[in-house]
Amino acid sequence: DTGGKGFLTRHELRAAHIQLFGWHISAFDLDALQPKACPAAFELSDFCAYAVPKLLSQDPHDSVRRLFSALDPYCNGYITLDDLR
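Chemist: Pulling in residues and values, what's your account of the overall build of the chain?
Modeler: When helices and strands are counted, the chain shows 5 helices and 0 strands. Structurally, the chain occupies a C-alpha span of about 50 × 25 × 25 Å along its principal axes. Of all 85 residues assigned to the chain, the portion counted as buried reaches 18%. Restricting to contacts in the chain with at least 6 residues of sequence separation, those with at least 24 account for 49%. Accessible area for the chain stands at about 6200 Å²; split by element, carbon and sulfur atoms hold 64% of it.

Chemist: Give me the lowdown on the pattern of salt bridges, citing residues and values where you can.
Modeler: Applying the stated criterion to the full structure yields 5 salt bridges. As a salt-bridge pair, K5 and E12 come within 3.0 Å of each other at their nearest N and O atoms. For K5, a relative accessible area of 34% gives the class partly exposed. Looking at E12, the relative accessible area reads 11%, which means it is buried. Here D62 makes a salt bridge to R66, at a shortest N to O gap of 3.1 Å. With a gap of 4 residues between them, D62 and R66 both fall in helix α4 (residues 62–71), about one helical turn apart. Given a relative accessible area of 29%, D62 falls into the partly exposed group. Judged by relative accessible area, R66 falls into the partly exposed class, the value being 32%.

Rules used throughout
Residues numbered from 1 in each chain as written. Predicted model: local features only at pLDDT ≥ 70, side-chain atom pairs only at ≥ 80, totals over all residues. Heavy atoms only, no water. Helix = DSSP H or I, 4+ residues; strand = E, 2+ residues; numbered from the N terminus. Buried < 20%, exposed > 50% of the residue type's maximum accessible area, 1.4 Å probe, protein only. Contact = heavy atoms within 4.5 Å. Areas by Shrake-Rupley, 256 points an atom, 1.4 Å probe, with all protein chains shown as cover. Salt bridge = Lys/Arg side-chain N within 4 Å of Asp/Glu carboxyl O.

None of the figures reported here should be taken as evidence of function without further support.
Structure, rendered in structure tokens:
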């Protein structure tokens, strides 16, 4: 909530989703959460109601697997120093 407005804009909601979950929210899901016609409708309580169950249901190893996959470009199951360069 930049500027202390009391709500999240669509841009801020998109950025918060990336920070918390590590991936971009689809335009369809973003529209479902915050329709373009109601730009000021996503308050803290709305965000908590959306984010908390999603965070609690995440596999704790999923982010590690995604990071490993990103660093293993040839999908050979290991990371070499050359892969990190």
